[in-house]
Amino acid sequence: MRFSIIVPVYNPGRYLDDCVRSVTTQSFGDWELLLVDDGSTDGSGKRADELAAQDGRIQALHQANAGQ
C-alpha cells in the first residue's frame, strides 16, 4: 500500500530538514514525499532539490508564488 505525503514549502528555513527527517525515519517505508516549493526566497527550493536527490521517494516540485 503506497501513499503520498504533500508538504507545501514556502520559506521554512531550517524546519524543512526536520520535516523531511520526520517522514524518512518512519518504520513504514512505502510512501512518496512531494515537496511543493511555492516560490521560496530563502533557498528552500534548492534544499528541496538536494533532499530529493538523496532519496528516490522524494520529489521536489516548483512553482511561482501563488499566495493563499
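Placed above this text is the structure.
These notes cover the structure that comes with them.

1. Some words on the side chain of Glu 32
At step 1: Among the structural elements, Glu 32 can be located in strand β2 (residues 31-38).
At step 2: Take Glu 32: its relative accessible area is 19%, and that puts it in the buried class.
At step 3: Here Glu 32 is in contact with Arg 2, Phe 3, Ser 4, Ile 5, Arg 57 and Gln 59, once residues within four sequence places are set aside.

2. Some remarks on the pattern of salt bridges
Pairing between side chains of opposite charge can happen when the charged atoms of each approach one another.
At step 1: By the definition in use, this model includes five salt bridges.
At step 2: Across the pair Arg 21 and Asp 18 runs a salt bridge whose closest N-O atoms are separated by 2.7 Å. Residue Arg 21 and its partner Asp 18 are both found in helix α1 (residues 15-24); the two are separated by three residues, about one turn of the helix.
At step 3: A residue is classified by how much of its surface remains accessible, and Arg 21, at 45% relative accessible area, is partly exposed.
At step 4: You can call Asp 18 partly exposed: its relative accessible area is 34%.
At step 5: Ionic pairing is found between Glu 50 and Arg 47, a salt bridge with its closest N-O pair at 3.0 Å.

Here is what the cut-offs are and how they apply
- Residues numbered from 1 in each chain as written.
- Predicted model: local features only at pLDDT ≥ 70, side-chain atom pairs only at ≥ 80, totals over all residues.
- Heavy atoms only, no water.
- Helix = DSSP H or I, 4+ residues; strand = E, 2+ residues; numbered from the N terminus.
- Buried < 20%, exposed > 50% of the residue type's maximum accessible area, 1.4 Å probe, protein only.
- Contact = heavy atoms within 4.5 Å.
- Salt bridge = Lys/Arg side-chain N within 4 Å of Asp/Glu carboxyl O.

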